[in-house]
Amino acid sequence: MTKEVLLSLRGLQFDAVSMDGDKIETILPAEYYKRNDSHYVIYDEAVEGFGEGTKNILKFKNHSLDLTKKGLVNVHMIFEENKKNMTNYSTPYGDILIGIDAKSVNYQEEENRIVVDVDYALEVNYEHFADCSIKVDIRSKDGEGFALRSESKTPLQATGYQTCSAAEQRGI
């Protein structure tokens with residue numbers, strides 16, 4: 001895997017009321033490296049309407065994924081298989097207490113590609129909010145097989161707004 005990569009983040013969220021899932025997909029340039037059996041992906045995220053962005057660090061290894069955001073949004077989310085973790089999600093609109101109950105965290109590694117799949121339940125203020133899944137697809141920037149697909153997106157999704165942030169979009 002090269003240092004310069006393209007990162008695809010795909011999320012699907014099912015809320016408790018409807019069976020229709022909210023889909024979000026973002027493709028961004030990123031940097032990749034591996035240290036002490038852990039994989040790291042670093043990328044910047046811009047949010048429409050704000051001058052400041054957010055620096056993101058994904059760290060993953062067997063059965064766990066950490067996402068740290070610093071900047072406009074601040075959070076350290078830990079997805080550990082079969083464990084529930086609580087964290088404070090700080091946004092420009094205020095803080096949200098979220099719980100992450102990861103059902104599965106798996107990754108597959110190839111020479112020029114790594115795919116991470118996470119299934120989890122999301123809680124907001126100690127109440128179940130949604131069942132979610134995240135697919136992280138990391139490919140060498142100069143590798144074969146990476147194609148940008150055209151899908152209809154809302155203006156908010158087109159800005160690269162982060163996976164499973166529907167709680168913020170709904171004003172929670």
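Conventions used here
Residues numbered from 1 in each chain as written. Predicted model: local features only at pLDDT ≥ 70, side-chain atom pairs only at ≥ 80, totals over all residues. Heavy atoms only, no water. Helix = DSSP H or I, 4+ residues; strand = E, 2+ residues; numbered from the N terminus. Buried < 20%, exposed > 50% of the residue type's maximum accessible area, 1.4 Å probe, protein only. Contact = heavy atoms within 4.5 Å. Pairing = 2+ DSSP bridges. Polar contact = N/O pair within 3.5 Å; in protein donor to acceptor, adjacent residues only side chain to side chain.

Right, let's talk about the overall build of the protein chain for a bit. Within the protein chain, the regular secondary structure consists of 2 helices and 10 strands. Going from N to C terminus, the protein chain has its helices and strands arranged as β-β-β-β-β-β-β-β-β-β-α-α. The buried share among the 172 residues of the protein chain stands at 44%. Counted over contacts in the protein chain with a minimum sequence separation of 6, partners at least 24 positions apart contribute 44%.

This paragraph deals with the side chain of serine 38. Note on placement: serine 38 falls in strand S3 (residues 38–45). Judged by relative accessible area, serine 38 falls into the buried class, the value being 4%.

We now examine the pairing of strand S9 (residues 113–124). Among the 12 residues in S9, 9 count as buried, and that is most of the element. Bridge count for strand S8 (residues 94–109) against S9 is 11 bridges, and the pairing is antiparallel. Bridge assignment links aspartate 101 to a residue of S9, and that residue is alanine 121. Counted between consecutive antiparallel strands, the loop separating S8 from S9 contains 3 residues. Sheet topology places S9 next to strand S10 (residues 127–140); 12 bridges connect them, and they run antiparallel. Opposite valine 116, over in S10, you have valine 136 as the bridge partner. The turn joining S9 and S10, which pair antiparallel and follow one another in sequence, is formed by 2 residues; a positive phi near 50 degrees is taken by asparagine 125.

So, on to the side chain of glutamate 123. In this fold, glutamate 123 is placed in strand S9. In this structure the side chain of glutamate 123 is engaged in a polar contact, spanning 2.6 Å, whose partner is the side chain of lysine 84. Glutamate 123 has contacts with Lys84, Met86, Leu97, Ile98, Gly99, His128 and Phe129, leaving out every residue within four places of it along the chain.

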